[in-house]
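# Coordinates in review
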Amino acid sequence: MPQHIRSVAVFCGTRAGTDPSHLEAARQLGAGLAARNMTLVYGGGGVGLMGAVAQGTLRAGGQVHGVIPEFLTRVERPCANLTQFEVTSSMHTRKTRMFELADAFITLSGGLGTLDETVEIITWRQLGLHDKPVIILDINGWAQPFLALVESLIDQGFVDASNRRLYAVAPDVPAALGLLQAAPLPETAAPAERL
């Protein structure tokens, strides 16, 4: 019998955005992870959607592992009362550490940093560095411009159409949680030094 996802890295913004549905989705996602005994792995900040997903998890009795680079501790105001908290020396170390800790990844709404993390984790999967599930949570069409860009790259011959399998798109939090629950635990993780 396959084991299931135990920890999920969530990439999301340090801002809440202008549409309150993004903030609500972050809270719901956190509570949903807690209800399924999945540890939240995230960027450690206490502001914006990052803070909301962490608080949503904690308030529902879940486990939260924050990872933040030292220089951002003065900007993203680390969330209090996390189950585990790590300070890294750089952004690269943070991303590698989050990769090591997570069995799966969810991209929630966010800005350039969120897109950077998403593209990198999809690229690592394309390169065979991991086969962990990657889910893009498309709250109110937030991800449509990004998805359209990927389709344009496919149309222009820069990305193979088979790479659509590297990620799944969920329209709402229940759909994303359903994809997580259905996903088996990846058998092996790529060694960190290969990243």
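Residues numbered from 1 in each chain as written. Predicted model: local features only at pLDDT ≥ 70, side-chain atom pairs only at ≥ 80, totals over all residues. Heavy atoms only, no water.

The next thing to look at is the nonpolar core. Among the nonpolar cores identified, the biggest contains 31 residues, and Val 10, Leu 29, Leu 108 and Leu 180 are the most heavily contacted of them. Among the elements of the structure, strand E1 (7–11), helix H1 (20–35), strand E2 (39–42), helix H2 (48–59), strand E5 (104–107), strand E6 (134–137) and helix H6 (173–182) are those that each provide at least two residues to this core. Aside from chain neighbours lying at most four places away, what touches Leu 108 is Val 10, Phe 11, Cys 12, Ala 25, Ala 26, Leu 29, Leu 49, Thr 114, Leu 137, Ile 139 and Trp 142. With 22 residues, the next largest nonpolar core counts Ala 9, Phe 11, Trp 124 and Val 150 among its residues. (Core = buried A, V, L, I, M, F, W, Y, C linked by side-chain atoms within 4.5 Å. Buried < 20%, exposed > 50% of the residue type's maximum accessible area, 1.4 Å probe, protein only. Helix = DSSP H or I, 4+ residues; strand = E, 2+ residues; numbered from the N terminus. Contact = heavy atoms within 4.5 Å.)

Before going further, it helps to examine the pattern of salt bridges. One pass over the structure, following the stated rule, counts 9 salt bridges. Note that Arg 74 is salt-bridged to Glu 70, the shortest N-O span being 2.9 Å. The salt bridge partner of Glu 86 is Arg 97, with a shortest N-O separation of 2.9 Å. Taken together, the positions of Glu 86 in strand E4 (residues 84–88) and Arg 97 in helix H3 (residues 91–101) put the pair 11 residues apart, joining distant regions of the chain. Classification of Arg 97 as partly exposed rests on a relative accessible area of 26%. Look at the salt bridges and you will find they share partners, linking Glu 86, Arg 97 and Glu 100 into a network. (Salt bridge = Lys/Arg side-chain N within 4 Å of Asp/Glu carboxyl O.)

With that out of the way, let us pick up the confidence of the model for the chain. When the pLDDT values of the chain are averaged, the result is 92; 94% of them are 70 or greater. Taken as a whole, residues 189–195 scores under 50 in pLDDT and shows 13 contacts with residues more than four places along the chain or in a different chain. (pLDDT = per-residue confidence, 0-100.)

In this description, a pair of aromatic rings is defined by centroid distance and the angle of the planes. Considering all chains together, one arrives at 3 aromatic pairs under this definition. Plain terms: the ring middles of Phe 11 and Phe 105 are 5.9 Å apart, the flat faces sit at 20° to each other, and that makes the pair stacked. Of the two residues, Phe 11 is situated in strand E1 and Phe 105 in strand E5; the sequence distance between them amounts to 94 residues. Of the two residues examined, Phe 11 and Phe 105, each falls in the buried class. Ring centres 5.5 Å apart and planes at 90° place the aromatic pair Phe 99 and Trp 124 in the edge-to-face group. (Phe/Tyr/Trp six-rings, centres within 6.5 Å; stacked < 30°, edge-to-face > 60°.)

With that settled, consider helix H4 (residues 112–126). The end-to-end C-alpha distance of H4 is 21 Å, a good match for the 21 Å that 15 residues give at a rise of 1.5 Å each. All buried positions along H4 are accounted for by Thr 114, Glu 117, Thr 118, Ile 121, Ile 122, Trp 124 and Arg 125. The buried residues of H4 occupy one face: seen down the axis, they fall within an arc of 155°. Here the buried face of H4 lies against E1, H3, E5, E6 and helix H5 (144–155). Phi turns positive, to about 80°, at Gly 128, one or two residues after H4. (Expected span 1.5 Å × (residues − 1). Arc of directions from axis to C-beta.)

A few words now on H6. For an α-helix the count is 3.6 residues per turn, leaving residues at separations of three or four pointing the same way. Listed as buried for H6 are Val 173, Ala 176, Leu 177 and Leu 180. Seen end-on, H6 carries its buried residues on one side only, within an arc spanning 95°. The exposed residues of H6 that point more than 90 degrees off its buried face are Pro 174 and Ala 182. For H6, the capping residue at the N-terminal end is Asp 172, with a side-chain oxygen 2.9 Å from the backbone nitrogen of Ala 175. (Polar contact = N/O pair within 3.5 Å; in protein donor to acceptor, adjacent residues only side chain to side chain.)

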